[in-house]
Amino acid sequence: MTGFPRAILDYWHEAFDGRRVDTEGDVTLTVVPTLSPRRPAMILEGQDGSTRAALTPELAEVIGIDAAGMMTVAGLRDRLTGAGVIFHDPDFLFYLAGDTASAADQSKALRQLTDADRAAFDAFQTEASEQDLEEAYVELDHWAVFGCFDGDRLVSAASALPWQNSRIADLGVLTLSDVRGKGYARAVVQAINRHSRQQGYEPQYRCQIDNHASVALAKACDLTLFGKWVVASDAS
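For the structure given in this document, a descriptive report is provided here. Remember, it's a predicted structure, so these values are computed and weren't measured experimentally.

Cut-off values and rules
- Residues numbered from 1 in each chain as written.
- Predicted model: local features only at pLDDT ≥ 70, side-chain atom pairs only at ≥ 80, totals over all residues.
- Heavy atoms only, no water.
- Phe/Tyr/Trp six-rings, centres within 6.5 Å; stacked < 30°, edge-to-face > 60°.
- Helix = DSSP H or I, 4+ residues; strand = E, 2+ residues; numbered from the N terminus.
- Buried < 20%, exposed > 50% of the residue type's maximum accessible area, 1.4 Å probe, protein only.
- Lys NZ or Arg CZ within 6 Å of the ring centre and 35° of its normal.
- Pairing = 2+ DSSP bridges.
- Arc of directions from axis to C-beta.
- Contact = heavy atoms within 4.5 Å.
- 1 Å grid on protein atoms, 1.4 Å probe; cavity = no way out; pocket = protein on both sides within 12 Å on 5 of 7 lines; lining within 4 Å.
- Points joined across faces, edges and corners; volume = space filled by probe spheres on them.
- Nonpolar A, V, L, I, M, F, W, Y, C, P; charged D, E, K, R; others polar.
- Salt bridge = Lys/Arg side-chain N within 4 Å of Asp/Glu carboxyl O.

**Describing the packing of aromatic side chains**
Applying the stated criterion across every chain yields a total of twelve aromatic pairs. Aromatic side chains Phe94 and Tyr205 sit 6.0 Å apart centroid to centroid with 85 degrees between the ring planes, which places their arrangement in the edge-to-face category. Placement of the pair is Phe94 in strand 5 (residues 91-96) and Tyr205 in strand 10 (residues 202-208), with a sequence separation of 111 residues. Note on Phe94: relative accessible area 1%, which makes it buried. Overall, Tyr205 belongs to the buried group, its relative accessible area being 2%. Measuring from centroid to centroid gives 5.3 Å for Tyr95 and Phe226, while their planes differ by 85 degrees, and the two rings are edge-to-face. One end of the pair, Tyr95, is in strand 5; the other, Phe226, is in strand 11 (residues 223-231), and 131 residues separate them in sequence. With a relative accessible area of 1%, Tyr95 lands in the buried category. Here a set of aromatic residues connected by ring pairs shows up, and it is made of Phe4, Tyr11, Trp12, Phe16, Tyr95, Trp163, Phe226 and Trp229. Lying over the aromatic face of Phe87, Arg77 brings its terminal NZ or CZ to 4.9 Å of the ring centre. Above the face of the Tyr201 ring, Arg167 is positioned so that its terminal group lies 4.1 Å from the ring centre.

What follows is the structure, encoded as structure tokens:
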């Protein structure tokens, strides 16, 4: 995949770096000893048409990967399902492909949040639904947090955390339902993207592939689709 920062390309190369297994087509299948047992399998379908899959050595032995002959992605999924492996719903992965991050709309009463904003943030979370809170995973004590206000009311926030000991900052965004579509989410995402870059991190935006509003937000923030990523739960 070209056009993406080296930190992104290096991270995903290392994530799938392991012993190669024979496959059919434009598919790379590796057995990766460093893969977390909590995520014993993962598949990344890139926008360039490539597909990468990785398994832990233990799971590769369970499904008899070396005795399977030339493996297709469909065949791999069938073997994993037969072994009791359950895949989570896939995520789209978005990154900034350019060298700079767009400036945020400063007309949105936007700023970085601190612990002094605790009361406003608590009120913000109280107004959000449990589902939105769980899906967004935006917290005031994260590595970086930005918020937009309507008067004294916090109406949108984005937070980020370093991703798996890399130079990637994984972000979440939450906007209260009654103010959506007014540009607040775009402002906080652009602000945290710019801040991440300034701190030497590449922002990572993940969302469910059927969350059309979130996909539209990513594109509005000049983020580029990198691929579709799916991970498995522990098969035990």
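Having seen it, we continue.
**Things to note about the pairing of strand 2 (residues 27-31)**
With four of five residues buried, strand 2 lies mostly within the body of the structure. As judged from the three bridges shared by strand 1 (residues 19-21) and strand 2, these two strands associate in the antiparallel manner. Counterpart to Val21 in the pairing with strand 2 is Leu29. Taking the residues between adjacent antiparallel strands as the criterion, strand 1 and strand 2 are bridged by five residues, where Gly25 takes a positive phi near 70 degrees. Where strand 2 and strand 4 (residues 51-55) come together, five bridges link them in parallel fashion. Paired with Thr30 across the strands is Ala54, a residue of strand 4.

**Observations regarding helix 4 (residues 118-127)**
If you check which residues of helix 4 are buried, you get Phe121, Phe124 and Gln125. For helix 4, the arc enclosing every buried residue in end-on projection is 95 degrees, short of the 170-degree limit, so these residues lie on one face. In helix 4, those exposed residues whose orientation departs by more than 90 degrees from the buried face are Ala119 and Thr126. Elements that come into contact with the buried residues of helix 4 comprise helix 5 (130-136), strand 8 (153-162) and strand 9 (168-175).

**Concerning the layout of surface pockets**
Quantified by volume, the largest pocket comes out at close to 1,400 Å³. As for the largest pocket, its lining consists of 43 residues, of which Glu135, Ala136, Arg206, Asn211 and Ser214 are closest to the centre. Counting only elements with at least two residues in the lining of the largest pocket, the list comes to helix 5, strand 8, strand 9, helix 6 (184-198), strand 10, helix 7 (212-220) and strand 11. Looking at the lining of the largest pocket element by element, the count peaks at six residues for strand 9. Of the residues belonging to the lining of the largest pocket, the class tally is 21 nonpolar, ten polar and twelve charged. Along its surface, the second largest pocket is lined by 14 residues, and Tyr11, Thr34, Leu35, Ser36 and Gln164 are the ones closest to its centre.

**What about the pattern of salt bridges?**
For the structure shown, the criterion picks out ten salt bridges. Where Asp115 meets Arg118, a salt bridge forms, and the shortest distance between an N and an O atom there is 2.8 Å. For Arg118, a relative accessible area of 35% corresponds to the partly exposed category. Salt-bridge contacts for Arg197 lead to Glu202; the nearest nitrogen and oxygen are separated by 2.8 Å. As far as burial versus exposure is concerned, Arg197 and Glu202 are alike and both buried. Several salt bridges share partner residues, and in doing so they unite Asp91, Asp170 and Arg206 into one network.

This is a description of form; function is not addressed.
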